[in-house]
Amino acid sequence: MVLRELGLRPRKKLSQSFTVDPELIRTIADTCNEWHGPVIEVGAGLGALTKALLDRGIEVLAIEIDQRLATFLKKSMGSEILHVVVGDAREMVLCSRLPVVGNIPYHITSDLLLAIARSRTPKACLTVQLEVANRLIARPGTKEYGRLTVITNYLFRKRILRIFPPSSFYPEPEVYSAVVVMERVRPYDSTARLIEDVGRCLFSFRRRKLRTALARCFGECTVDDHLREKRVYELGVEDIVSIAYTCLGRR
Ligand code: SAM
């Protein structure tokens, strides 16, 4: 295997688990192919997905934090439509307008999803932990539903394309994975900012009645009676928007 030839050991703290499943690679690459334009690839690693994207004529800005892998990528791909940048994808994605793809490093999943949400990225196709994919598409009132669901519901249309087992990667992660697609339906605006702020506090009291959570988060703040008796994890995105404007928006 390439890793052995290069004398490299996967670094667990960088979530270095490389894709060995051609179906997973094809699922993402074929989706990007329909987008017709350049993409950012997060955590390009040894380039399994990068190569599939380049083979389809897709221009790739590959972000890789590990200098050893970035050097290997540049040398091995030798393509004019590949641009390799060494750095932290969380920071770079934040300033981006391009679609984002990748078999992402799982230790940065939440940060990266929030960076994508706050950026001008129009769409994303990502492999994430199945548990995170379920949180993204969760319905209010379920145990998976949380603040990540709420902010992404406001900003994106989302769907799970396919689920993959740990054996799709080497070394194998401890969890199942899922390829998700997110398509932006509105820009990150002042309401999105409010939803994030309100969601962060309310969901730290997720099983409490809203009236209790509100008192803890905002002290004085009166909302409609039908909302006060709901539990935090039962609130839909439109409820959170209404609470955000009532409790924060007019301050
Ligand atoms: N895309 C490759 C594949 O499919 O085989 C590698 C996937 S591996 C799960 C994640 C990659 O992200 C690793 O190469 C790791 O070095 C890189 N990485 C880890 N943290 C990163 C960060 N903050 N920004 C950019 N890349 C990162």
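Since the structure is predicted, the reported quantities are computational estimates derived from the model, not experimental observations. (Residues numbered from 1 in each chain as written. Predicted model: local features only at pLDDT ≥ 70, side-chain atom pairs only at ≥ 80, totals over all residues. Heavy atoms only, no water.)

**Q** What am I meant to see in the packing of aromatic side chains here?
**A** Each pair of aromatic rings is reported with the distance of its centres and the angle of its planes. Tallied over the entire structure, the rule returns 1 aromatic pair. With a centroid separation of 6.0 Å and 65 degrees between ring planes, the pair formed by Tyr145 and Phe203 is classed as edge-to-face. Note that Tyr145 is positioned in the loop between helix H7 (130-136) and helix H8 (147-155) and Phe203 in the loop between helix H9 (190-202) and helix H10 (210-218), a separation of 58 residues in sequence. Here Tyr145 falls in the buried class, since its relative accessible area comes to 1%. What makes Phe203 buried here is its relative accessible area of 10%. Just above the ring of Tyr154 sits the side chain of Arg186; from NZ or CZ to the centre is 4.2 Å. (Phe/Tyr/Trp six-rings, centres within 6.5 Å; stacked < 30°, edge-to-face > 60°. Helix = DSSP H or I, 4+ residues; strand = E, 2+ residues; numbered from the N terminus. Buried < 20%, exposed > 50% of the residue type's maximum accessible area, 1.4 Å probe, protein only. Lys NZ or Arg CZ within 6 Å of the ring centre and 35° of its normal.)

**Q** How do you make sense of the site of the ligand when you look at a structure like this?
**A** Residues in contact with the ligand amount to 23 residues; listed here are only the nearest, Gln16, Thr19, Gly43, Glu64 and Asn103. In this structure, an oxygen atom belonging to the ligand sits 2.9 Å away from a side-chain N or O atom of Gln16. Protein chains bury 98% of the 590 Å² of accessible surface belonging to the ligand in isolation. Secondary-structure elements contributing two or more residues to the shell around the ligand are strand S1 (18-19) and strand S3 (60-64). (Near = heavy atom within 4 Å. Polar contact = N/O pair within 3.5 Å; in protein donor to acceptor, adjacent residues only side chain to side chain. Areas by Shrake-Rupley, 256 points an atom, 1.4 Å probe, with all protein chains shown as cover.)

**Q** Mind showing me how you'd approach the state of the cysteines here?
**A** In a disulfide, the sulfur atoms of two cysteines are held together by a covalent bond. Under the criterion given, the structure shown has 2 disulfides. One disulfide in the model links Cys201 with Cys217; its S-S distance is 2.1 Å. Its torsion about the S-S bond being -100 degrees, the disulfide of Cys201 and Cys217 is classed as left-handed. Placement of Cys201 in helix H9 and of Cys217 in helix H10 is noted, with a sequence separation of 16 residues between them. Overall, Cys217 belongs to the buried group, its relative accessible area being 18%. Between the sulfur atoms of Cys221 and its disulfide partner Cys247 the distance amounts to 1.9 Å. Measuring the twist about the S-S bond at about -80 degrees, one finds the Cys221-Cys247 disulfide to be left-handed. With Cys221 in the loop between H10 and helix H11 (225-228) and Cys247 in helix H12 (residues 237-249), this pair connects stretches of sequence that are 26 residues apart. (Disulfide = S-S within 2.5 Å.)

**Q** Can you walk me through the sheet that holds strand S4 (residues 82-86) in this structure?
**A** Consider a sheet: its strands pair through backbone hydrogen bonds, and that pairing is either parallel or antiparallel. Read across the sheet, 7 strands follow the order S4-S3-S2-S5-S6-S9-S7 without closing on themselves; strand pairing throughout is mixed. On the outer flanks of this sheet lie S4 and strand S7 (156-164), each paired with one strand and no other. Sheet twist, expressed as the mean angle between neighbouring strand axes with direction ignored, is 20 degrees. Taken together, the 7 bridges between strand S6 (residues 123-129) and strand S9 (residues 177-184) define a ladder with antiparallel strand orientation. Bridge pairing links Cys125 to Val181 in S9. Sheet contacts for helix H2 (residues 22-33): strand S5 (100-103), S6, S7 and S9; angle to S7, the most-contacted strand, approximately 155 degrees. Along the sheet face, helix H6 (residues 109-118) touches strand S2 (39-42), S5, S6, S7 and S9 and points at about 170 degrees away from the line of S6. (Pairing = 2+ DSSP bridges. Axes fitted to C-alpha atoms, helices over the stretch in contact; angles between N-to-C directions. Contact = heavy atoms within 4.5 Å.)

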